[in-house]
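# Structural description and commentary
Each chain, written out:
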Amino acid sequence: MLVLLILHLVVALVAPLLVRWWGPRACYLLALAPAAAFGWALARTPAVRDGGAVVETYPWVSQLRLELAFRMTTLSWLMTLLVGGVGALVLVYCARYFATGSVGLARFAAVLVAFAGAMLGLVLSDDLLLLYVCWELTTVFSYLLIGHSTERRSSRWAAAQALTVTTLGGLAMLVGFLMLGRHTGEYRWSALAAADLPSGGYLTTAVLLVLAGALSKSAVLPFTSWLPAAMAAPTPVSAYLHAAAMVKAGVYLLGLLAPVLAAAGPWRPVVLTAGLLTMLAGGWAALRQTDLKLLLAYGTVSQLGLLTVVLGAGTPQAALAGTAMLFAHALFKAALFLVVGAIDHSTGTRDLRELSGLRRHAPLLATVGTLAAASMAGVPPLVGFVAKEAVLAAFADRPLVLAGLVAGTVLTVAYSARFVWGAFADRPPAASVEPDPVPVAMLGPPALLAAAGLVVGLLAGPLGRLLRPYAELLGPVDEGLALWHGPTAALGLSALALGGGAALFALRGPLAGVVERVRAPVDGARGYEWLTHQFDRLAIEVTSVTQRGSLPQYLGTILIVLVVVPGGAMLAARPWRQGIDLWDNPLQLVVGLVIAVAALLAVGARRRLTAMLLVGVTGYGLAMLFVLHGAPDLALTQFLVESATIAVFVLVLRRLPERFSARPLRRSRWVRRSLGVAVGVVLGGFSLVAAGARTAPPISLAFPDLAVAAGYGRNVVNVTLVDIRAWDTMGEISVLVVTATGVASLIFERSRTGPRPRRPRRTEALRHPGPQRPVWLRGGPTLREHRRSIVFEVVTRLLFHTIVLFSLFLLFSGHNAPGGGFSGGLVASLALVVRYLAGGRYELAEAAPVSAGTILGAGLAVSVGTGVAALVAGRSVLDSVKVDLALPGVGDLHLVTSLFFDAGVYLIVVGLMLDILRSLGAEVDRHIEATGKRERGLVVDPEGNRR
């Protein structure tokens, strides 16, 4: 199962490249990933046929007892078939649906494959926390897919609405999962189901939170509005996400949890009430739609209400009927959406008022659409009829629920007939539409799905035996699935529903006014808009009160609260130790005095550059304290960080006035100084309290031995970063990459690579014969003479490569000596800083002719890939392995795999610093040059060059 997820990840990563090579035809190859999941699940049918399970478990975070736990039983087997099979057919369909050169197709294909992998992980997860991770991944990917047409406001709005609603529901569901896992001590559902669940209000709260997530994901009332809006997505997205996959996640979760939680107090009332109301409201709304895609969207909402009722009811017969309906709905609804896509593709419209005579011009397409719609209406011998009859039979002992289901089925028949009539019938006086030929790749997938609905309907008995083990989790099953049970009450109700739906469709003209006027008291879309508008207004009101535009005021408020609240509590409790050693070495006192004097002088400095240098002295003094404490690794890192920080400050100060403003007034200065002293005293007290608050031996005592035994290195600091606490480092570098990308997106209008130095033309050399001034750096001549320093250029030319080699030395030696990826990356970054200061922005582009984003992405990929490689090799994530090699002519080589993780850190640090240099350095230079030329009345191109 893990291999399937990795396969989807790899295919998603290479998808953009394949699409750029082969265009939409690459979707044929991309379809192999979900097809592999379908084939794998089909091959495992004997393992789950009799109630067995396919289980895979991989260690993840052992201290938290977290594992990558996968488990496939009957219900997840069925969902895997749907996710893989429909996903493969949709990708085949996309190969002809999209035209060559379609905007964003490379991203679309990658995201669709990634969504298929996330959905596969969701249905196969046995751990609730892993399920939640995949749950939110499907939310993010669906957001990208729904908002595929970024130039359209409706797409962006629909994507944001789907993201907001499903994310909020998912967060509520996570809290419910945490409550259940906290009480039972288990997060694996297979183990949690056998544990003692909490009782009373605790369980009620957990169940309601979980239901909020499930109902919002499946667009069940009161969360229905996002699904019709999501029809702004391309039709293949609607066929996959909103018919066969994403919206099934909520009802799948209901089916997964029902055997254990159905007896909990609020479960059945909420599920049955919300499901029935959704079924009726969605079916009624479908009757007034003129857009075929919206008609199917509201029909999907109605069918999801039905699935919520049957899969959440928690009875054996309902569970069997629910799984059959889950399967049937995916077949006919995905087929219908694909048919609508083919109609739109060949005619240019989905409006049933403009379509006429399509059955004569596209008979095969009309046959496929009619067959799928008949299954949706429950016409025998299709699988939709088998499932619908089983649903009605399962609720024979619940008259009220049964009446609601029959009424909803009548509406289903009516809007199914409306779909066939609107898409394919002859309706004079509308002109007959002559469509373009429908490609085989677009007709084949819906034809296969519709034909499968017919074949499976005829094989209802074998299907029932395959689904029976899931139903038996809730008790003995009295009656299986069959195409013919004899003259039963359920059969009579099915006939009544077909007749009632046909009559309702026949009376569509006289009832049109009633259908149009009778609506829900609150429209879902308008309700969502009103709610978000109220939140916006609340945010504006709160901001206007609390955000006054004064940074000193914000900072002062925070620091006053810090001093008064925790500082006052500390002063009242006095938890610090009585005996305090002021220093271990007299030199520490000297360094401390230097730091204090520099800090005081920085406060009174009037020039910004002077204040910055004095602050740098305090940082270097802290590094000296690390040296005196015997921590060379920390000292090296502090020295490098301080140097890089000073360089960044210098870049920023160029755009600020030379001196600080005359404010604040003299009286307020003493207030601020007093506050600063108070904060310093409080933070010092916090340090003392934290140092003396430990009651147990620190775990770091075991780090030296663990570094040698498990990390194979003698530098405890570096081994801790890349091995013992590698997960922490992974989180930190991920934040760095995300932050750098976000900042760059706000600053750069063009590529993050930067301009290349301009080579002098040959004609210029001929125009000025004679000895030329030697060019030590190619970017140097692009600077004005007063900004150039030949000495600086020569020194840079001589030392740059040495500094880079030294950074690599720190990277490779850091496992056993001071250094590592972070320190090495900082050294390499400082080499780039020197190159930029000596030759300007063109020289920086010459030194690093690659995008910072590429370096950041490569670094993160290397670090993450190290963890994944360990997992694939059967070890724990980020587990280090020592490799001993004997190389001829070199000797014995001892390599630890955590070096690759450290190399990723090295690249990320370099990429981050390169982004800073280009944004605060090269980009600011370009703006300065452009501003100066505009002031002189010259025309400037996007690169800041005079024209």
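Scroll up for the structure.
Residues numbered from 1 in each chain as written. Predicted model: local features only at pLDDT ≥ 70, side-chain atom pairs only at ≥ 80, totals over all residues. Heavy atoms only, no water.

## Quick notes on the nonpolar core
Residues Tyr-240, Leu-253, Trp-267, Phe-395 and Leu-405 are the most contacted members of the largest nonpolar core, which totals 239 residues. Here Leu-405 is in contact with Leu-276, Met-279, Leu-306, Val-309, Val-391, Leu-392 and Phe-395, once residues within four sequence places are set aside. (Core = buried A, V, L, I, M, F, W, Y, C linked by side-chain atoms within 4.5 Å. Buried < 20%, exposed > 50% of the residue type's maximum accessible area, 1.4 Å probe, protein only. Contact = heavy atoms within 4.5 Å.)

## As for a nonpolar patch on the surface
A surface patch of nonpolar side chains, amounting to about 580 Å² of accessible area, comprises Ile-580, Leu-582, Trp-583, Leu-589, Leu-593 and Leu-688. Along the chain, Leu-582 turns up in the loop between α26 (551-573) and α27 (586-604). (Patch = residues over 30% accessible without salt bridge, like charges linked within 9 Å, V, L, I, M, F, W, Y side chains within 5 Å. Areas by Shrake-Rupley, 256 points an atom, 1.4 Å probe, with all protein chains shown as cover. Salt bridge = Lys/Arg side-chain N within 4 Å of Asp/Glu carboxyl O. Helix = DSSP H or I, 4+ residues; strand = E, 2+ residues; numbered from the N terminus.)

## Brief notes about the environment of Ala-828
Relative to the elements of secondary structure, Ala-828 occurs in helix α36 (residues 821-847). Look at Ala-828 and you get buried, because its relative accessible area is 8%. The sequence separation of Ala-828 and Ile-855 amounts to 27 residues, and the corresponding C-alpha distance is 13 Å.

## So, the packing of aromatic side chains
Ring pairs (aromatic) are described by centroid distance and by the angle formed between their planes. The tally for this structure, following the rule as stated, stands at 9 aromatic pairs. Geometrically, the ring pair formed by Phe-115 and Tyr-240 is edge-to-face, given 5.7 Å between the ring centres and 80° between the ring planes. Linking Phe-115 in helix α6 (residues 105-124) with Tyr-240 in helix α12 (residues 235-244), this pair joins segments that are 125 residues apart in sequence. A cation over a ring is seen here: Arg-835 above Phe-800, with NZ or CZ 4.6 Å from the ring centre. (Phe/Tyr/Trp six-rings, centres within 6.5 Å; stacked < 30°, edge-to-face > 60°. Lys NZ or Arg CZ within 6 Å of the ring centre and 35° of its normal.)

## Examining the pattern of salt bridges
For the structure on display, the rule yields 10 salt bridges. Of the charged contacts, one joins Glu-472 and Arg-468 as a salt bridge, the two residues approaching to 3.1 Å between their closest N and O atoms. Take Glu-472: its relative accessible area is 43%, and that puts it in the partly exposed class. What makes Arg-468 partly exposed here is its relative accessible area of 27%. A salt bridge links Arg-835 to Glu-843; the shortest N-O distance between them is 2.4 Å. Each member of the pair, Arg-835 as well as Glu-843, carries the same accessibility label: buried. Linked by salt bridges that have partners in common, Asp-291, Asp-344 and Arg-350 make up one network.

## With respect to helix α37 (residues 852-872)
In this model α37 runs 30 Å from its N-terminal to its C-terminal C-alpha over 21 residues, within 8% of the 30 Å that 1.5 Å per residue would give. Inspection of α37 places Ala-852, Ile-855, Leu-856, Gly-859, Ser-863, Thr-866, Gly-867, Ala-870 and Leu-871 among the buried residues, and these make up the whole buried set. Structurally, the start of α37 carries an N-cap: the backbone nitrogen of Gly-853 is 3.1 Å from a side-chain oxygen of Ser-851. Within two residues after α37, Gly-874 carries a phi angle of roughly 90°, on the positive side. (Expected span 1.5 Å × (residues − 1). Polar contact = N/O pair within 3.5 Å; in protein donor to acceptor, adjacent residues only side chain to side chain.)

## Looking at the packing of helix α5 (residues 74-97) against α6
Relative to each other, α5 and α6 sit at 170°, their axes nearing to 9 Å. With respect to α6, the axis of α5 lies roughly antiparallel. Along its contact with α5, which presents Ser-76, Met-79, Thr-80, Val-83, Val-90, Leu-91 and Cys-94, the element α6 presents Phe-108, Leu-112, Val-113, Ala-116, Met-119, Leu-120, Val-123 and Leu-124. Within the contact of α5 with α6, the residues separate by chemical class into 13 nonpolar, 2 polar and no charged. (Axes fitted to C-alpha atoms, helices over the stretch in contact; angles between N-to-C directions. Parallel < 35°, antiparallel > 145°, perpendicular 65-115°, else oblique. Nonpolar A, V, L, I, M, F, W, Y, C, P; charged D, E, K, R; others polar.)

## Quick look at the packing of α5 against helix α22 (residues 460-471)
Their axes nearest at 8 Å, the elements α5 and α22 cross at an angle of 130°. With respect to each other, α5 and α22 are oriented oblique. Here Thr-74, Leu-75, Trp-77 and Leu-78 of α5 come into contact with α22, specifically with Leu-466, Leu-467, Pro-469 and Tyr-470.

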